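Topology and contacts: notes
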Amino acid sequence: MSKIGIDLQHNGRKSVTGSSRLGFVDPLGEGKDEYSWIAQYGIGMQIRLHQLGHHTFLNGMGEYPDRAKRFNTHNCNLVVLCHVNQNPPSIRFGSKGNRTGKIFLHHQTSKLNVERAKKAAEYLSRHVPWGFEVVMAKPTDWTRNALNVQKGYKAWTWVLEPFFGDQRVQRKWVSTYTTRFQPGGVMKFGALIADAIDFAYG
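The structure contained in this document is the topic of the report that follows. Note that the structure is a prediction, hence the values are computed from the model and not measured. (Residues numbered from 1 in each chain as written. Predicted model: local features only at pLDDT ≥ 70, side-chain atom pairs only at ≥ 80, totals over all residues. Heavy atoms only, no water.)

Let us now look at the pattern of salt bridges. Under the defined criterion, the tally for this structure stands at three salt bridges. Here Asp195 makes a salt bridge to Arg48, at a shortest N to O gap of 2.8 Å. One end of the pair, Asp195, is in helix H6 (residues 185-201); the other, Arg48, is in helix H1 (residues 34-51), with 147 residues separating them in the sequence. Arg48 matches Asp195 in its accessibility class, with the two residues each being buried. (Salt bridge = Lys/Arg side-chain N within 4 Å of Asp/Glu carboxyl O. Helix = DSSP H or I, 4+ residues; strand = E, 2+ residues; numbered from the N terminus. Buried < 20%, exposed > 50% of the residue type's maximum accessible area, 1.4 Å probe, protein only.)

The strand order across the open sheet built from six strands is E2-E1-E3-E6-E4-E5, with neighbouring strands paired in mixed fashion. Since the sheet does not close on itself, it has two edges, and those belong to strand E2 (55-59) and strand E5 (132-137), each with one partner. Sheet twist, expressed as the mean angle between neighbouring strand axes with direction ignored, is 25 degrees. Seen against the sheet, H6 touches strand E1 (3-8), strand E3 (78-82) and strand E6 (156-161) and runs at an angle of roughly 145 degrees to E6. (Pairing = 2+ DSSP bridges. Axes fitted to C-alpha atoms, helices over the stretch in contact; angles between N-to-C directions. Contact = heavy atoms within 4.5 Å.)

The terminal C-alpha atoms of H6, which comprises 17 residues, lie 25 Å apart, in line with the 24 Å expected from a rise of 1.5 Å per residue. Most of H6 sits inside the fold, with 14 of its 17 residues counted as buried. (Expected span 1.5 Å × (residues − 1).)

Two numbers describe how helix H3 (residues 111-125) lies on H6: the axes approach to 8 Å, and their chain directions differ by 135 degrees. Here H3 lies oblique to H6, going by the angle between them. Crossing of H3 over H6 shows right-handed handedness. The segment H3 lies against H6, with Arg116, Lys119, Ala120, Tyr123 and Leu124 engaging Leu192, Ile193, Asp195, Ala196, Phe199, Ala200 and Tyr201. Taken together, the residues of the contact of H3 with H6 sort by class into nine nonpolar, no polar and three charged. (Parallel < 35°, antiparallel > 145°, perpendicular 65-115°, else oblique. Left-handed = near helix turned anticlockwise from the far one by under 90°. Nonpolar A, V, L, I, M, F, W, Y, C, P; charged D, E, K, R; others polar.)

Fair warning: the whole summary comes from geometry, so function is off the table for now.
Okay, structure coming up:
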């Protein structure tokens, strides 16, 4: 049994205004910004983790440094920073680009955290058709944003980008995913992620 923090990112930040305050604006014009997806799968994760016997702490408000302090007071073993990915405009609707689900880790994290993240990615790859991979976030390349959001957390952190919000096939699959544990398609997808975390910590 572990204590898992779930950080629903993008929402509730006073320093960010306009359309970007909820992550990406829906590139497919279907009325779902990034946070709409995050909230649903994050709550699905929390419900399923509770069913599996883990303690959870969920938060979706405040500036990121303040969130880290809040999670630190709960002594989590792991904090999952929830996002949804999208490709740059140049390749968004083309055939190029790596569209796997991703778990970003701090480049200085522990070997055990890397092993557990890889176990979770392997589990998800057995169930999700586009696959999953673990990526080390560094300050010197395209992963630096994933590194920056991990600042201040005492617990291990995973920045989760489980699918691409600008890919119709992935969106439809997530929206209609079915298990016997959870109500609602996207929440069921969150339950699958929780099963992967449980598998990694088992």
